[in-house]
Amino acid sequence: MMERRRMEAALLVLLLGHLATALEVPLDLPQPPTITHQSPKDYIIDPRENIIIHCEAKGKPHPSFSWTRNGTHYDIDTDPNVNMRPHSGTLVVDISRERAEHYEGVYQCTARNKHGTAVSNNIFIRQSRSPLWSKERIRPSVVQEGVSLVLPCRPPAGLPPPVIFWMDNYFQKLPQSERVSQSLNGDLYFSNVRREDSRNDYICYARFPHTQTIQQKQPISVKVLNQAPVDERKPTFLIPTGLSSSKTVLRGRVLEMECIAEGLPTPHIYWTKVGGDFPARRTSFLHYNKTLHIANVSESDAGEYSCMAKNRLGVVHHTIRVSVKAAPYWITGAPRNLVLAPGENGVLTCRASGTPKPSIRWFMNGIPIQDSPKDVSRKVEDDTVIFTDVQIGSSAVYQCNISNDYGYLLSNAFVNVLSEPPRVLTPANKVYQVIKNHRALMDCSSFGSPIPKITWFKDSRSSTLDGDPYILHDNGTLEIDVAQAQNSGKYTCVARNILGIYENHVSLEVKEPTRILKQPEYKVVQRGRSVVFECKVKHDTTLFPTMTWLKDDGELPDDERLIVDSDSLTINDVTEGDAGVYTCIMNTTLDQDSASAELTVVERPEPPTDLELTDQKKRSVQLTWTPGDEHNSLIQKFLIQYQDSLHHRGHWHNLTEVPGTKTTAHLKLSPYVHYTFRVLALNAVGFSSPSSPSGTYKTDPAAPDESPTGVQGYGTEHNNLVISWKPLSGLQSNGPGLRYKVMWRQQRLGSEWTQVNVANNSKFIVSGTPTFVPYELKVQAINDYGDGPEPAVSLGYSGEDFPVAAPENVHAVVLSSTQAEVHWDPVPHHLIRGHLKGYKVYYWREHSLHKHHPDHMGKHILTFSGNHSHGMLPGLHPFSLYSFYVKVFNGKGEGPQSPEQQFKTPEGVPGLPTSLIVTNPNLNSLTLEWSPPREHNGHITGYTLKYHTVNNSNELGTEEELALAANETSVTLPNLKYSTRYKFYLNAKTITGPGPAISQEVVTIVDEAGSASPFANISSSVGEDGAVISWEYWGPEKNIYVEYIVDNSESEEDWKRELVNGSQNVKLKGLKVGLSYRVRVVAKGHHDQPPHRSEELLVTVPAVASRQVDIATQGWFIGLMCAIALLILILLIICFIQRNKGGKYPVKEKEDAHTDPEFQPMKEDDCTFGEYSDNEDHKPLKGSRTPSNGTVKRDDSDDSLVDYGEGGDGQFNEDGSFIGEYSGKSISRDTAEGPENSEAPSPTNAMNSLNSFV
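Residues numbered from 1 in each chain as written. Predicted model: local features only at pLDDT ≥ 70, side-chain atom pairs only at ≥ 80, totals over all residues. Heavy atoms only, no water.

**Topic: the state of the cysteines**
Applicable threshold: Working definition: a disulfide is two cysteine sulfur atoms within 2.5 Å of each other. Here a helix means four or more residues in a row that DSSP labels H or I, a strand means two or more in a row labelled E, and each is numbered from the N terminus.
Taken as a whole and judged by the stated rule, the model has six disulfides. The disulfide bridge from Cys55 ends at Cys109, spanning 2.0 Å between sulfur atoms. Because the sign of the S-S torsion sets the handedness, a value of about -70° for the bond joining Cys55 and Cys109 places this disulfide among the left-handed ones. Here the residue Cys55 occupies a position in strand S4 (residues 55-60), and Cys109 occupies one in strand S9 (residues 105-113), the gap between them amounting to 54 residues. Residue Cys535 pairs covalently with Cys584 via a disulfide, S to S 2.0 Å. Taking the sign of the torsion about the S-S bond as the criterion, the disulfide between Cys535 and Cys584, at about 60°, is right-handed. With Cys535 in the loop between strand S49 (531-534) and strand S50 (536-538) and Cys584 in strand S55 (residues 580-587), the pair connects residues that are 49 residues apart, well separated along the chain.

This is how it looks when you write it as structure tokens:
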């Protein structure tokens, strides 16, 4: 039956034409009361402070307030300790004269006006309590080691419950572990005790959070005995007891379950949920897994939970059945206020749930709805009140009360029947700013009854804004999900209902986003250096950004080493404390962008410490150390050095290296050394300082382990043998008395070894040996402790002597005019008498075959190392006779020479002709003369002459060629072009071919009678920055320049020159205005030829070339000057009239009545101008400087008549002559000029000059 009624109510709601939504009614309109603030339902107060019970409400008219206490009316006027705040229902209880507990109880506030009544929750007032611990005698706990123990706390019941913790006499928290832990009720549990648990200061503390007080229990003493060992045992639960238990928790609260077990060894606790999983984000395990904590419990958390205690002797289980109850809670939210227009329909819904299922009761204006006046427009259906066709006067406040065994919900919702035209509550002309590509929201908060319909328009109102990209929300807000620049503009919000229309205008500005273009980068910097983080930003130009730097998400340190610029952060003299993450944040009023980078500060590592020698053996030791601080740069390797204090005290030598990951090295040692070790660490920055030296480790002496190296045998004379070797170092000697056993014998069968002991030397000389004979050599190291290992045999030779034979069958093979190859038979080895080093060929040029007289006889030597039988002679002269011989040489020197031989080189190409000159140049012909080559290199068979023309742009004409006889040394070339440049090439030739050519350039002579100038169309153009001269030129010369001179200049030496870089125009700068110049273009040819000059061009520079405006020609300036002149003339006339009437004009009259030192007005009685006193009491004129003598120097523009008189005291007669006395002495113009008068005269100075005149 109930379900059927619910279905009918739902259908009725669907048939209602309009469902009003919750609206915020403006306070200037009639409305029932609304509770805006109230104290919590369970209100625990501090008994030391006044009690404040809040109750605030709004309404139109403003509501009045009343209270009930414990269900009956509470008359606050009868209690002098209770006051109600003005315009409020809040109660303030003064507890200075009455105990707070007197006011405990259940309070409820009522707010009413003529449109309805709203009520608050039931507010349960209780004072907080923190009672003392009851006194009790606590006996010491004496237990056997290994058993379990529980120390009870049993704190006094407080309101709210206290927080429990255990500490000792020194207020230090007692350590807890998996073995020792505190339970939820505050007791301290020991799964098993140990001897270290013995102490007499186990103290339980209770902290009462509301009053912030702490109570202390009497200390508990625990003594653990060790008389007989306790056997190990499997776990058993201390709490909870039994195999199972149950627990009830309310929805939304915290579920805490604990399992504490005893056993030996200490058991571990494990949790599971039977048939399900724990809620991952709401579950935590506390107190060493002994407590299961589930926050914000829901119905799904009901079920069975199992805790298991386990050690190596066994397992025990306990099951906890959890049931979840629920106080009433809203399903769709509390009922909302209804604003209805006359004739409209509406619904109030009060939908909630709970466990067990709650009951629902409706009230109207605080009275059960069934006891309220009947209203045909109202119908109650369980959790719904339906209103149809409401009318004016039906306004009221409805209360919905939902309750079960675990709590209640009380909600007020009014029904306000109004008839109001629409209004927009959003401020007019509001400007919304949003970043491009972000969401834009423009509000149109409105009110009206009936509820207004909202429409939006943009700019021209061509159409309503509905559909992409616009989203219109139910509350009137217009949304643009991704704002773009084209969305900027003016928007109009229109609210309309049947009673009217209201418009509101807002604007939207879409701004460019703030972006960091160059982000700071990760930096690794060495301590003491500087680092710069860049942060370059782009932002909208209409927004004002602010740059903020953070270090490790906090403010930058206040340190002058950190310099913040507009787009960078500089850190000078970096320290290790500067390491961290630096973030630049660019904020605007609308958005921000940020970027971070890490700074790593590195430095050379600290030296290793704690060097220790272990595993000491005769020939080895193990060295260990502790690395120092690596300063943020990984240690790459360790370098181990040693000092031999026995042989080389103070000298450290590298011994070995180990990777940076190791801190131990196994060192191989040598005998008879007093070792001291030190270690250096290397990272990317460099080596650390050396560590402190280790202790000294001395190795015992022993026979040498190695033989000398580098054993050699050689002779310094032809009859000796020098045996040398590299001596052993002190480290290699292995003991005292180091010496060497030197052994030698000839390398032939039957030779016997000869030996000798040598000390303190590294060579031994054997005398009387045959020349250059091979010897076998051995050098063995021995000391006082024995002989070293048997040495290897080395081969050496006794001393060398000069070779006794020359190469035979020496001859030459000519390969070309410049190369020949010499051949010889090698000298037999026994005749060389030493190590063959090679052969030397001595050769020289006897003479040229062209001229039969000797040339320079300098010899050339070519050395061919090794056992060669031929060699090449390069770079020979053609057509020449050469002589040569060959020698063999060894380490001692050269042998005898071979008989001299000769060879001839064939003809080659001739050399360069010695000279080529031009003579007798005419208009169309010239003569060339030359000298034969210095090097003929054969018989000259003739000459070849080639020539062609060359124009001004270096283009070549057609080449002509002429063959000349060998005996010719000149030639005349006719039919050449006049005034033309020619280039000539001449070379000689032999039967082998032509040689290199000599060249020459020349220009034929200009035809003075009939030839035209090479220049034409010379013109000029005068501009602001100079004169441009242009021309045409077809001559051969390349050196072109422009000459110019002032027109009336008489000296030809005043011509100035401007070079031309291959063009046919040039700009002449620096010409003076108002002058005329003669200009000509010049082409300079060969140094022995006259230059070509163009006709002279007259160029005139205008006198006025500036565009600046002359102020003296401006109309306003002329008018101003005329007005000033007229004013001065009128003043002069008036003053002269007054003077003729007998007035006097003292020049030095003081004007004490006027305090302005910059301007003195004209006197009314005698028409004179006030004057500046020269006394010390008055300041000098502004704009002037006062000399040290007290006089005021005048500018040259101050044309006082005194300057033109004969002395300083001039006078005029009655007809207007000067009769006044000029203040101050006359100063000549020469002395008046100087730095003091460098400033322009002020208007006061000008008026002072006028005063002197009149």
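**Topic: the pairing of strand S11 (residues 123-127)**
The criterion, for reference: A 1.4 Å probe rolled over the protein chains alone gives each residue an accessible area, and that area as a share of the maximum for its type sets the label: buried under 20%, exposed over 50%, partly exposed in between. Pairing between two strands is assigned when DSSP locates at least 2 bridges connecting them.
Only one face of S11 is buried, namely the one carrying Ile123, Ile125 and Gln127, since none of Phe124 and Arg126 on the opposite face is buried. Taken together, the three bridges between S9 and S11 define a ladder with antiparallel strand orientation. For Gly105, the partnering residue across the bridge sits in S11 and is Ile125.

**Describing the packing of aromatic side chains**
Basically, it comes down to this: Pairing of aromatic side chains here covers Phe, Tyr and the six-membered ring of Trp, requires ring centres within 6.5 Å, and sorts the geometry by plane angle: under 30 degrees stacked, over 60 edge-to-face, intermediate tilted. Lysine NZ or arginine CZ positioned within 6 Å of the ring centre and within 35 degrees of the ring normal marks a charge as sitting over the ring.
A complete count under the given rule lists 26 aromatic pairs for this structure. Residues Tyr74 and Tyr107 carry aromatic rings whose centres are separated by 5.9 Å and whose planes lie at 70° to one another, so their mutual orientation is edge-to-face. Note that Tyr74 is positioned in strand S6 (residues 72-74) and Tyr107 in strand S9, a separation of 33 residues in sequence. For the pair shown, Tyr74 and Tyr107 are each scored as buried. Between the aromatic rings of Phe278 and Phe285, the centroid separation amounts to 5.7 Å while the plane-to-plane angle is 80°, which identifies the pairing as edge-to-face. With relative accessibility at 22%, the residue Phe278 sits in the partly exposed group. For Phe285, a relative accessible area of 37% corresponds to the partly exposed category. Through successive ring pairs, a cluster of aromatic residues spans Phe165, Phe171 and Tyr205. In this arrangement the basic side chain of Lys778 is found over the ring face of Trp753, its NZ or CZ atom lying 4.6 Å from the centre.

**A look at the sheet that holds strand S76 (residues 870-873)**
The following threshold applies: Whenever a helix is involved, its axis is fitted only over the stretch in contact; in every case the axis is a line through C-alpha atoms, and angles between N-to-C directions fall within 0 to 180 degrees.
Read from one edge to the other, the open sheet built from three strands follows the order S72-S73-S76, with strand pairing classed as antiparallel. In this open sheet, the two edge strands, each paired with only one partner strand, are strand S72 (808-814) and S76. Taking each pair of neighbouring strands and ignoring which way they run, the sheet shows an average axis angle of 20°. The pairing of S72 with strand S73 (residues 820-825) spans five bridges and is antiparallel.

**Structural notes on the sheet that holds strand S68 (residues 763-767)**
Spatially, the three strands line up as an open sheet ordered S64-S65-S68, and their pairing is antiparallel. Bordering the open sheet on either side are strand S64 (709-714) and S68, each of which pairs with just one other strand. Geometrically, the sheet is characterised by an average inter-axis angle of 10° between neighbouring strands, direction not taken into account. Where strand S65 (residues 720-726) and S68 come together, five bridges link them in antiparallel fashion. Counted as the bridge partner of Ser724 is Lys763 from S68.

**A look at the nonpolar core**
To keep it simple, the criterion reads: Nonpolar cores were defined as sets of buried Ala, Val, Leu, Ile, Met, Phe, Trp, Tyr and Cys residues, with membership established by side-chain atoms within 4.5 Å. Here, residues are in contact when the closest pair of their heavy atoms is within 4.5 Å.
Formed by 30 residues in total, the largest nonpolar core has its most connected members in Ile51, Ile53, Trp67 and Tyr74. Of all elements in the fold, only strand S2 (42-45), strand S3 (51-53), S4, strand S5 (64-69), strand S8 (91-93), S9 and S11 reach the threshold of two or more residues within this core. By residue number, the principal contributor to this core is S9, which donates three residues. Once residues lying within four places of it in the same chain are set aside, the contact partners of Tyr74 are Trp67, Thr68, Arg69, Asp79, Val82, Leu91, Tyr103 and Tyr107.

**Focus on unusual backbone geometry**
Each neighbour pair has its own omega, and for Leu264 with Pro265 the value is 5°, a cis peptide bond. With respect to the element layout, Pro265 can be found in the loop between strand S23 (260-264) and strand S24 (268-273). Cis geometry is found at the peptide bond from Thr355 to Pro356, where omega equals -5°. Topologically, Pro356 is positioned in the loop between strand S31 (352-355) and strand S32 (359-364). The residue Arg833 is not glycine, and still its phi comes out positive at about 60°. Its place among the elements puts Arg833 in the loop between helix H3 (829-832) and strand S74 (836-848). The exposure class of Arg833 is partly exposed, given its relative accessible area of 29%.

**Side note on the pattern of salt bridges**
What counts here: Basic side-chain nitrogens of Lys or Arg form a salt bridge, by our definition, when they fall within 4 Å of a carboxyl oxygen of Asp or Glu.
Throughout the structure, instances matching the rule amount to 42 salt bridges. With its nearest N and O atoms 3.0 Å apart, the salt bridge here joins Asp28 to Arg423. Here Arg423 lies in strand S38 (residues 420-424) and Asp28 lies in the loop between helix H1 (2-15) and strand S1 (31-38), a separation of 395 residues in the sequence. In this structure Asp28 comes out as partly exposed when scored by relative accessible area, which is 46%.

**Examining the environment of Glu894**
Note the cut-off: Whenever two N or O atoms come within 3.5 Å, that pair is a polar contact, provided that in protein one can donate a hydrogen and the other can accept it, and provided that, for residues adjacent in sequence, both atoms are side-chain atoms.
Along the chain, Glu894 falls in the loop between strand S77 (880-890) and strand S78 (901-904). Separated by 91 residues in sequence, Glu894 and Pro803 have C-alpha atoms that sit 6.6 Å apart. Glu894 has contacts with Phe802, Pro803, Lys840, Tyr842, Lys887, Val888 and Phe889, leaving out every residue within four places of it along the chain. Reaching out from Glu894, the side chain makes a polar contact with the side chain of Lys840 at a distance of 2.9 Å. A polar atom in the side chain of Glu894 sits 2.8 Å from the side chain of Tyr842.

**Topic: the confidence of the model for the chain**
Test applied: pLDDT: the predictor's confidence for each residue, scored from 0 to 100.
Mean pLDDT for the chain: 84, with 86% of residues reaching 70 or above. Scored below 50 in pLDDT, residues 1-21 shows 31 contacts in the model against residues more than four places distant or in partner chains. Per-residue pLDDT stays below 50 along residues 1105-1109; that stretch engages in three contacts with residues further than four places along the chain or on separate chains.

**Observations regarding the side chain of Arg179**
Along the polypeptide, Arg179 turns up in the loop between strand S14 (163-167) and strand S15 (180-182). Sequence-distant contacts of Arg179, that is, excluding residues within four places in its chain, are made with Tyr189, Phe190, Ser191, Asn192, Val193, Arg194, Asp197, Thr266 and Lys290.

**As for the pairing of strand S84 (residues 981-989)**
Side-chain direction in a regular strand flips from residue to residue, so the side chains alternate between the two faces of the sheet. Of the pairings in the sheet, the one linking strand S81 (residues 942-950) to S84 comprises nine bridges and is antiparallel in character. Each bridged residue has a counterpart across the sheet, and for Tyr947 the counterpart in S84 is Phe984. Here S84 runs beside strand S85 (residues 998-1003); their pairing, made up of six bridges, is antiparallel. In the sheet register, Leu986 faces S85, and the bridge partner there is Ile998.

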